[in-house]
Structures are given as structure tokens and as C-alpha cells.
Amino acid sequence: MELLAVLIPVLMLGIVLALGRYEEMLLPAEKEATRLAPPPALPTSPSSPAPAGTPAPSP
């Protein structure tokens, strides 16, 4: 009976770890998804000019 009390938590831990590995294998990690995705395009020209009276940005 004591052996059963020791083996059940160890087996449950193994199952949880195995399910985690299975999930990582099926679903791509977010890091991989963002690494494989193309970078977002940056605007080449400003969308609208700055309003009058606004100081110019410092270089």
C-alpha cells in the first residue's frame, strides 16, 4: 500500500510532463511563430504633416 502511495504521484508527474511535451510538439511556440512571421512594414512617409506651431523633433 505504501508503494502505491509513492508510485501514483510519480506516475502522475510523468503523465503531466509527457502531455506538456506533446502539446509543445503539436502547437508551435509563440517565439517560433513570431520568428517565422515577416516583420511588420514600416511606413515610408509620414501619414500627415505636423500641426503648425509644433517644434521639430530633435535629431
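Per-chain numbering applies: the sequence of each chain, read as written, is numbered from 1 onward. Whole-chain, interface and lining totals are the exception, using all residues; otherwise, since this is a predicted model, local features are given only for residues with pLDDT of at least 70 and side-chain atom pairs are given and counted only at 80 or more. Side-chain figures throughout are based on the complete set of non-hydrogen atoms in the structure, without hydrogens or water.

Colleague: Provide a residue-level description of the overall build of the chain, including the pertinent values.
Modeller: Here a helix means four or more residues in a row that DSSP labels H or I, a strand means two or more in a row labelled E, and each is numbered from the N terminus. Summing up its helical and strand segments, the chain has two helices and zero strands in all. Per-residue burial over the chain gives 0% buried out of 59 residues. For every accessible area listed, the method is Shrake-Rupley and the probe measures 1.4 Å; residues are considered covered only by the protein chains on display. Roughly 6200 Å² of accessible area belongs to the chain as shown, and the carbon and sulfur atoms make up 71% of that amount. Residue burial is assigned from relative accessible area. The probe radius is 1.4 Å, only protein chains are included, and a residue is buried under 20% of its type maximum, exposed over 50%, and partly exposed in between.

Colleague: So, helix α1 (residues 2-26): which residues are in play, and what are the values?
Modeller: The end-to-end C-alpha distance of α1 is 37 Å, a good match for the 36 Å that 25 residues give at a rise of 1.5 Å each. Burial analysis of α1 places just zero of its 25 residues in the buried class, a small minority of the element. Here the expected length of a helix is defined as 1.5 Å per residue gap, with one fewer gap than residues.

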